[in-house]
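Structure at a glance
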Amino acid sequence: MISWAMIRRRCHTNYSLLLQLSLVVGTSLINNSNFAVKAFTFANNPSIRPTPIKRISTSSSSSLTPSNMSILESPSAERNKGPIYDTVLSPVILPRLVKSNNNDNSLKVLELAAGCGVHTTHFASSILSSYPTIRLEWTPSDPDDEAQSSIDARVAVHEDPILTNVVRKANGWTLGHRGGTACNDGVRDSGGTSNKNTMEDGEGDATTSSIDYSDYHDYFDLVTCINMIHIAPWEATLGLMECAGQVLKKGGILMCYGPYIVDGKAVESNLKFDASLKSRDSSWGLRHLEKVVEVAKENGLTLDQTIEMPANNLSVLFCKE
């Protein structure tokens, strides 16, 4: 029989886990002592993550195990998720979209170059908290396989179980023949490495985007693209605007976030950042906002407004005509 002292020694750093183990062990003392052995094994195994306990039991995440939950980290996404939501999404974009969709009370969002999923979970959970009756459908997308796995894992272990119902499984839509991923701005910055199956030079699959989102024309209310334009080839920006121009509803919004060169000028720190990016990959670098606006216009998107953000970044909003 397993003593309480033994379990406390194993679980003293996680009170939530201790409470759940208490229920398991208490039941086992009455019904089946083997359950207590299983509970102790769970606590004694350092490879098992305690955080996702209450989510693993749900049907939508039952296939996820600690061994395949490869969650990537992005310090930059952690820093900017709050300002983006609090300064742009919450006060500017959401009230406008919610008002325009008051007939069906729905909100469909496509998150391109979603990276490791930090923005996915923060934005989706924040929207649900602010608009508890809204019918949210969040579609994260990134051409990087590891990013897709990270996004799905973050949703599966999130403290709000409703996310599994509103956030779709991450897809791998490629923007342009080389694609773009926010993972280049995350923990794998060194060397500018990317998923070789979707990001390498060469012919690639130039038709991926048109095939994958052919069923989503005029479907989404909002498309977001954060920290991708400057850390991807220019073809990815062309693909972004083509995609957004097709999948957004009339009156829908494209939100892009990152550093830009405006009127041929940029602060010194951004110019140094631009040089650093180009040293890693000659096809990367800060883009001239005017050129981005021009490409957007060619795809039926008009510049709505720009919002200054921390660390010399801009949130650039486009509206589909």
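The paragraphs below set out a description of the structure included in this document. Source: prediction; values computed, not measured. (Residues numbered from 1 in each chain as written. Predicted model: local features only at pLDDT ≥ 70, side-chain atom pairs only at ≥ 80, totals over all residues. Heavy atoms only, no water.)

A closer look at the pattern of salt bridges
Going by this rule: Here, a salt bridge means any Lys or Arg side-chain nitrogen found within 4 Å of an Asp or Glu carboxyl oxygen. Secondary structure follows DSSP: runs of H or I at least 4 residues long count as helices, runs of E at least 2 residues long count as strands, and numbering of each begins at the N terminus. Exposure classes here rest on a 1.4 Å probe applied to the protein chains alone. A residue is buried below 20% of its type maximum, exposed above 50%, and partly exposed in between.
Overall, the coordinates contain nine salt bridges when judged by the stated rule. Close ionic contact of E137 with R168 constitutes a salt bridge, the shortest N to O distance being 3.2 Å. On the criterion of sequence distance, the pair formed by E137 in strand β2 (residues 135-140) and R168 in the loop between α8 (163-166) and α9 (196-199) is long-range, its members being 31 residues apart. What makes E137 buried here is its relative accessible area of 17%.

Here we look at the packing of aromatic side chains
This is how it is decided: In this analysis, rings of Phe, Tyr and Trp, with Trp reduced to its six-membered ring, are considered paired at centre separations within 6.5 Å, and the interplanar angle assigns stacked below 30 degrees, edge-to-face beyond 60, and tilted for intermediate values. Counting as a charge over the ring demands two things of the Lys NZ or Arg CZ atom: a distance within 6 Å of the ring centre and an angle within 35 degrees of the ring normal.
Tallying each qualifying case throughout the model produces six aromatic pairs. For the pair F123 and W138, a centre-to-centre distance of 6.3 Å together with 55° between the ring planes defines the contact as tilted. A residue pair is termed long-range when its members are at least 10 positions apart, and F123 in helix α6 (residues 118-130) and W138 in strand β2 qualify at 15 residues. In this structure F123 comes out as buried when scored by relative accessible area, which is 0%. Taking the centre distance of 5.2 Å and the plane angle of 85° together, the rings of Y216 and Y219 count as edge-to-face. Among the aromatic side chains, those forming a connected cluster through ring pairs are W173, Y216, Y219 and F220. The residue whose ring lies beneath K108 is Y219, and the NZ or CZ to ring-centre distance is 5.4 Å.

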